[in-house]
Amino acid sequence: MSAGASRHVAASVSDSVSDAASAADAPRLVVAVDGPSGSGKSSVCRAAARELGAAYLDTGAMYRAAAWYCLDQGVDFDDEDAVAVAVEELPLSISTDPDHQTVTVGQADVTDAIRGSAVSEAVSEVSTNRRARSLLVDAQRRIIDEAGVVVAEGRDITTVVAPDAPVRVLLTASAEVRLARRGLQLGGEQSAESLHRQVLARDAKDSTAVNFTEAADGVAVLDSTDLTFEETVASLVDRVRAVR
Ligand SMILES: Nc1ncnc2c1ncn2[C@@H]1O[C@H](COP(=O)(O)OP(=O)(O)OP(=O)(O)O)[C@@H](O)[C@H]1O
Ligand SMILES: Nc1ccn([C@H]2C[C@H](O)[C@@H](COP(=O)(O)O)O2)c(=O)n1
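Residues numbered from 1 in each chain as written. Chains lettered and ligands numbered in written order. Predicted model: local features only at pLDDT ≥ 70, side-chain atom pairs only at ≥ 80, totals over all residues. Heavy atoms only, no water.

Trainee: How would you sum up the overall build of the protein? Please name residues and give values.
Mentor: When you go through the protein residue by residue, the secondary structure sums to nine helices and eight strands. Here the C-alpha atoms of the protein give a radius of gyration of 17 Å, agreeing with the 18 Å that 2.2 N^0.38 yields for 244 residues. By its C-alpha atoms, the protein is 45 × 45 × 35 Å across when sized along the principal axes. Taking all 244 residues of the protein together, 51% fall into the buried category. Carbon and sulfur atoms make up 49% of the accessible area of the protein, which totals about 11100 Å². Where the 23 positive side-chain charges of the protein centre and where its 38 negative ones centre are 3 Å apart. (Helix = DSSP H or I, 4+ residues; strand = E, 2+ residues; numbered from the N terminus. Rg over C-alpha atoms; globule rule 2.2 N^0.38 Å. Buried < 20%, exposed > 50% of the residue type's maximum accessible area, 1.4 Å probe, protein only. Areas by Shrake-Rupley, 256 points an atom, 1.4 Å probe, with all protein chains shown as cover. Lys, Arg positive; Asp, Glu negative; His and termini not counted. Charge placed at Lys NZ, Arg CZ, Asp CG, Glu CD.)

Written out as structure tokens, the structure reads:
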């Protein structure tokens, strides 16, 4: 199966937002993965999707793109209605190809910009906005539906976006290990305070909107604290192959 290639720019978040488009009779399988910051969701799920020949959906990138758009439009984050309206009109397009992650807002390629500190610090203002969440959840369900076979990761995929997925996994690791991994990922020069803000403080704020610290009924825990990256990917892939 193909993970998709071309991109379509959407008129708003309510329209088509991904490159995923599967035929009605194409195989379907949703792999839902949630977990806290730095647990390895994006890297592990992207690698697993590649190995499975599946599409890959990074829902955090959608929240980040929404935050980028709010910043770009000068939206007042204290005004919940204004944030929701911005997300409603968000012209978002996201690739589901695990080999080519691209995110565009209108004509702007924001793939790199959404990883910057301005967006990282603002994104919880979007993810804790109920109307914004509801719009993005609807868009995610549409993308997943079109993708056929897809590994989707975030904070509420196992519980809200795709609670009926045949594979549902909470990917965890100890706070100490997650901080160390994020530090390494960012080049080893971040202060302890900065890492704490980017990992644990963000988790604390995001936890007020959704629960991703405990596995819901039927969700398997994959604790990667003592696993290598390759062992973690293999464990996820094995769980998918067991139901295929
Ligand atoms: N089992 C593992 N062993 C060692 N390193 C790992 C493991 N899993 C992930 N990593 C590394 O940890 C770092 C953080 O992983 P990643 O960015 O995928 O986390 P995340 O859960 O998507 O975080 P966030 O939600 O904040 O975006 C990456 O550099 C990744 O390669
Ligand atoms: N399904 C999701 C995905 C992400 N979020 C929030 C949590 C983060 O603060 C932000 C960015 O996610 P990341 O790129 O760090 O995975 O979006 C959420 O609430 N629900």
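Trainee: How would you summarise the pairing of strand β7 (residues 167-172) if you had to cite specific residues and measurements?
Mentor: Taking burial as the measure, the six residues of β7 include six buried ones, the bulk of the element. Burial along β7 is two-sided: Val 167, Val 169 and Leu 171 facing one way and Arg 168, Leu 170 and Thr 172 facing the other are all buried. In this structure, strand β1 (residues 29-34) lies alongside β7, joined through four bridges in parallel fashion. Residue pairing in the sheet places Val 33 in a bridge with Val 169 of β7. (Pairing = 2+ DSSP bridges.)

Trainee: Could you give an account of the packing of helix α2 (residues 59-72) against helix α4 (residues 117-127), with specific residues and numbers?
Mentor: For the pair α2 and α4, the least separation of the axes is 8 Å and the interaxial angle reads 100°. What the angle tells us is that α2 and α4 run roughly perpendicular. Mapping the contact onto sequence places Tyr 63, Arg 64, Ala 66, Ala 67, Trp 68, Cys 70 and Leu 71 in α2 and Ala 118, Val 119, Ser 120, Ala 122, Val 123, Val 126 and Ser 127 in α4. (Axes fitted to C-alpha atoms, helices over the stretch in contact; angles between N-to-C directions. Parallel < 35°, antiparallel > 145°, perpendicular 65-115°, else oblique. Contact = heavy atoms within 4.5 Å.)

Trainee: Please provide a residue-by-residue account of the site of ligand 2, values included.
Mentor: Among the 13 residues in the neighbourhood of ligand 2, the closest are listed as Arg 64, Arg 133, Asp 156, Arg 202 and Asp 206. Interatomic distance of 2.7 Å between a side-chain N/O atom of Arg 133 and an oxygen atom of ligand 2. With respect to ligand 2, the side chain of Arg 155 contributes an N or O atom lying 2.9 Å from an oxygen atom. When isolated, ligand 2 has an accessible area of 450 Å², and the protein chains bury 96% of it. When residues of the shell around ligand 2 are traced back to their parent elements, those giving at least two are α2, α4 and α8 (192-206). Among the elements that line the shell around ligand 2, the one with the most residues is α2, at four residues. For the shell around ligand 2, the per-class residue count stands at two nonpolar, four polar and seven charged. (Near = heavy atom within 4 Å. Polar contact = N/O pair within 3.5 Å; in protein donor to acceptor, adjacent residues only side chain to side chain. Nonpolar A, V, L, I, M, F, W, Y, C, P; charged D, E, K, R; others polar.)

Trainee: Before we move on, can you summarise the sheet that holds strand β8 (residues 220-223) with the specific residues and values?
Mentor: The five strands lie next to each other as β2-β6-β1-β7-β8, forming an open sheet whose pairing is parallel. The sheet is open, and its two edges are formed by β2 (55-58) and β8, each paired on a single side. Pairs of neighbouring strands in the sheet enclose a mean axial angle of 25°, with direction left out of account.

Trainee: I'd love a proper account of the packing of α2 against helix α5 (residues 130-147), names of residues and values included.
Mentor: Packing of α2 against α5 brings their axes to within 11 Å, and their N-to-C directions diverge by 135°. Relative to α5, the element α2 lies oblique. Crossing handedness for the pair α2 and α5: right-handed. Where α2 approaches α5, its residues Thr 59, Met 62, Tyr 63 and Ala 66 are matched on the opposing element by Arg 133, Leu 136, Val 137, Ala 139, Gln 140 and Ile 143. (Left-handed = near helix turned anticlockwise from the far one by under 90°.)

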